[in-house]
Amino acid sequence: MKPAPVVIKKYGNRRLYDSSASQYVNLDDIAGFIREGKEVQIVDAKTGQDLTRVTLTQIITEDAKEKPTGLPLELLRQLIVASGEVRQEFIMWYLKSAFDTYQKVQDAVQSRLGEVQSAILSPVDMMKQFVGMPAPSQPRVEAEPELDALRKRIGELEARLEKPARGKRRITLKHKGRV
């Protein structure tokens, strides 16, 4: 179930009041709510008119003042020129499509970073792949005889490492002359 939106009332003196938390907020607070994933609705305190779109646009504008990385000037000009409903809908569709594409790219990058991180956390599997040994979930591919010999030798060495106590005992016996 989707949580109820945070209702912000905007008064004539431009003050914003969060009625759910019973406190005054500013544009930065509203931007923080949105970044946290909260649904926000801004309404005029007298008329009840929805001012969410205008306020969010104001947040974007204020952010663009601080950082010159806002929307390109030409796009902003085209938004103003697009006063016709059809053109404005097309531009809004375009912006939404561009943002959706950006989100997909971000998700793909995060996914790849997760794969790289899991590979870093598993150096033994990476070495096995480097040597040519198949991972447990991968089917074995026939390789050259030299690789098979190397795999066999690695298996023997791994077996020796698993049984260090037996090896120490034999070495001790050799030194005492009892083989």
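Values in this document were obtained by computation on a predicted structure and should not be read as measured data.

Caption draft 1: Layout of the side chain of Lys10. The topology assignment puts Lys10 in strand E1 (residues 6–10). With no salt bridge to any partner, buried Lys10 finds its closest opposite charge in Asp44, at an N-O distance of 7.8 Å. Those residues in contact with Lys10, other than ones at most four positions away along the chain, are Arg15, Leu16, Ile42, Val43, Asp44, Ala45, Leu51 and Gln58.

Caption draft 2: Spatial organisation of a nonpolar patch on the surface. A cluster of nonpolar side chains, Phe90, Trp93 and Tyr94, forms an exposed patch at the surface whose accessible area comes to about 400 Å². Overall, the relative accessible area of 47% leaves Tyr94 in the partly exposed class.

Caption draft 3: Structural view of the environment of Asp28. On the secondary structure map, Asp28 appears in helix H1 (residues 27–35). The class for Asp28 is exposed, based on a relative accessible area of 59%.

Thresholds, definitions, all that
- Residues numbered from 1 in each chain as written.
- Predicted model: local features only at pLDDT ≥ 70, side-chain atom pairs only at ≥ 80, totals over all residues.
- Heavy atoms only, no water.
- Helix = DSSP H or I, 4+ residues; strand = E, 2+ residues; numbered from the N terminus.
- Buried < 20%, exposed > 50% of the residue type's maximum accessible area, 1.4 Å probe, protein only.
- Lys, Arg positive; Asp, Glu negative; His and termini not counted.
- Salt bridge = Lys/Arg side-chain N within 4 Å of Asp/Glu carboxyl O.
- Contact = heavy atoms within 4.5 Å.
- Patch = residues over 30% accessible without salt bridge, like charges linked within 9 Å, V, L, I, M, F, W, Y side chains within 5 Å.
- Areas by Shrake-Rupley, 256 points an atom, 1.4 Å probe, with all protein chains shown as cover.

Worth remembering: the numbers are spatial, not functional.
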